[in-house]
Amino acid sequence: MATFLFDDIIFGPVKSRRLGVSLGINLLPTNRKICNFNCIYCECGWTKDPEKTIGHLPTRVDVYNALEQKLSEMKENNQPPDVITYAGNGEPTLHPEFPGIIDDSITLRNRFFPDAKIAVLSNSTTITDPQIKAALLKADKNILKLDSAFDSTVKVHNQPQTSLYVEELIKNLSGFNGKLIIQTLFLRGLYNGAVVDNTTPAEISAWLKAIERIRPSEVMIYTISRDTPEGGKLNKVPVKELRRIAAMVESLGIKTQVSG
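Computed from a predicted structure; not experimentally measured. (Residues numbered from 1 in each chain as written. Predicted model: local features only at pLDDT ≥ 70, side-chain atom pairs only at ≥ 80, totals over all residues. Heavy atoms only, no water.)

### Remarks on the overall build of the chain
1) Next: Each helix and strand counted, the chain has seven helices and 11 strands in total.
2) Next: Along the longest, intermediate and shortest principal axes, the C-alpha atoms of the chain span 50 × 40 × 35 Å.
3) Next: Expressed as a percentage of the 260 residues in the chain, the buried residues total 52%.
4) Next: Partitioning the intrachain contacts of the chain with sequence separation of at least 6 by distance along the chain shows that 73% fall at a separation of at least 24.
5) Next: Element-wise, carbon and sulfur atoms account for 50% of the exposed surface of the chain, whose accessible area totals about 11800 Å².
6) Next: Here the chain contributes 31 positively and 29 negatively charged side chains, and the mean placements of these two sets differ by 5 Å. (Helix = DSSP H or I, 4+ residues; strand = E, 2+ residues; numbered from the N terminus. Buried < 20%, exposed > 50% of the residue type's maximum accessible area, 1.4 Å probe, protein only. Contact = heavy atoms within 4.5 Å. Areas by Shrake-Rupley, 256 points an atom, 1.4 Å probe, with all protein chains shown as cover. Lys, Arg positive; Asp, Glu negative; His and termini not counted. Charge placed at Lys NZ, Arg CZ, Asp CG, Glu CD.)

The following block contains the structure:
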């Protein structure tokens, strides 16, 4: 099980399957994951002791200084990023200064690389907070997770550590009025001896109906590409099948990106 944690505030730039040249920002501890999900496919491993407090986090000033220094270096080296991406060791919107940090990143982006995009990868659990929603709406790429339209599947795949009902989530995602990107990871395999598969006809049908209700600007569909914490019993979905699913989304008039 070779899962990993990011060991600093800034990581990369790296070549992202979905975003291009991405400069990553980790707002969470470097020695443990902080998330209110415990996804069975997470490359950062299991969420341990989710009941613990957030603990030590980089401050807003820490993040500003680290990002300013890195962007200055990249400017000197003529190394423009396509995106500045908030991801890291868990759920970035759990940082208590997240809204202000987004404002800072926009200021720094405009100074150093005005053509770069600001992206946030979120599990969608905090979007009922008006300040979080407002911050996400400022991002160029507001990427929110929806792995299934069924509560039972979400409970297995994502293992939320907070109350989450998919019908309510879909309504809240619809409230972004299209200014969001839906991200869905498809997989198959075994977990705790039971079959897991969010690519069945019933799953895809319900998910497509949810996508049609949300009407995002784009859908990103992908599958596992690195080691997962459950121990190797999960399988990639072939790119050919992902493209078939993408074609169904595109028939709704919604742009779709596939990463195998």
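### Here's the deal with the packing of helix H6 (residues 201-214) against helix H7 (residues 239-250)
Packed helices, taken two at a time, are described by the angle their axes make and the gap between the axes.
1) Next: Put simply, H6 and H7 touch, their axes get as near as 10 Å, and they point 35° apart. In this structure, the crossing between H6 and H7 has a hand that is right-handed. Residues Ile204, Trp207, Leu208 and Ile211 of H6 form the contact with H7, whose participating residues are Ile245, Met248 and Val249. (Axes fitted to C-alpha atoms, helices over the stretch in contact; angles between N-to-C directions. Left-handed = near helix turned anticlockwise from the far one by under 90°.)

### Considerations on the pattern of salt bridges
1) Next: By the definition in use, this model includes eight salt bridges.
2) Next: Where Arg60 meets Asp104, a salt bridge forms, and the shortest distance between an N and an O atom there is 2.7 Å. Of this pair, Arg60 sits in helix H1 (residues 60-76) while Asp104 sits in helix H2 (residues 98-112), and the two are 44 residues apart along the sequence.
3) Next: Classification of Arg60 by relative accessible area gives partly exposed; the value is 32%.
4) Next: Between Asp147 and Lys145 there is a salt bridge, with the nearest N and O atoms lying 3.9 Å from each other.
5) Next: What makes Asp147 buried here is its relative accessible area of 3%.
6) Next: Classification of Lys145 as buried rests on a relative accessible area of 10%.
7) Next: Through salt bridges with shared partners, one network takes in Arg188, Asp197 and Glu241. (Salt bridge = Lys/Arg side-chain N within 4 Å of Asp/Glu carboxyl O.)

### Observations concerning H1
1) Next: For H1, which comprises 17 residues, the first-to-last C-alpha distance of 24 Å matches the rise-based estimate of 24 Å (1.5 Å per residue) to within 8%.
2) Next: By the burial criterion, the buried members of H1 are Val63, Leu67, Leu71 and Met74. All buried residues of H1 lie within an arc of 55° about the axis, which places them on one face of the element. With respect to the buried face of H1, the exposed residues turned more than 90 degrees away are Val61, Gln69 and Glu76. (Expected span 1.5 Å × (residues − 1). Arc of directions from axis to C-beta.)

### As for the sheet that holds strand E7 (residues 188-191)
1) Next: The sheet built from three strands is open, its strands ordered E8-E7-E10 with antiparallel pairing. Looking along the sheet, the strands with just one partner apiece sit at the ends: strand E8 (194-197) and strand E10 (234-235).
2) Next: Bridging between E7 and E8 involves four bridges; their strand directions are antiparallel. Bridge pairing links Gly189 to Val196 in E8. (Pairing = 2+ DSSP bridges.)

### Notes on the side chain of Ser124
1) Next: Relative to the helices and strands, Ser124 resides in the loop between strand E4 (117-122) and helix H3 (130-138).
2) Next: Using a relative accessible area of 2% as the deciding quantity, one classes Ser124 as buried.
3) Next: If we ignore the near neighbours within four places in the chain, the residues touching Ser124 are Leu144, Lys145, Leu169 and Leu173.

### Comments concerning the packing of aromatic side chains
1) Next: Considering all chains together, one arrives at two aromatic pairs under this definition.
2) Next: Seen in terms of ring centroids, Tyr86 and Phe98 are 6.5 Å apart; in terms of plane orientation they differ by 85°. Their pairing is edge-to-face. Taken together, the residues Tyr86 in strand E3 (residues 83-87) and Phe98 in helix H2 connect sequence positions 12 residues apart. In this pair, the class of Tyr86 matches that of Phe98, namely buried.
3) Next: Seen in terms of ring centroids, Phe186 and Trp207 are 5.3 Å apart; in terms of plane orientation they differ by 80°. Their pairing is edge-to-face. (Phe/Tyr/Trp six-rings, centres within 6.5 Å; stacked < 30°, edge-to-face > 60°.)

### Digging into the sheet that holds E4
Hydrogen bonds between backbone groups are what pair the strands of a sheet, and the pairing can be parallel or antiparallel.
1) Next: In spatial order, the strands read E1-E2-E3-E4-E5-E6-E9-E11; together these eight strands make up an open sheet with mixed pairing. Either end of the sheet is taken by a strand with one partner, and the two such strands are strand E1 (10-16) and strand E11 (255-259). For this sheet the average axis-to-axis angle between neighbouring strands, irrespective of direction, equals 25°.
2) Next: As defined by bridge partners, strand E5 (residues 141-145) adjoins strand E6 (residues 181-186) across three bridges and the pair is classed as parallel. Bridging from a neighbouring strand, Lys145 pairs with Gln183 of E6.
3) Next: Where H6 meets the sheet, its contacts fall on E6 and strand E9 (218-223), and the angle it forms with E6 comes to roughly 170°.

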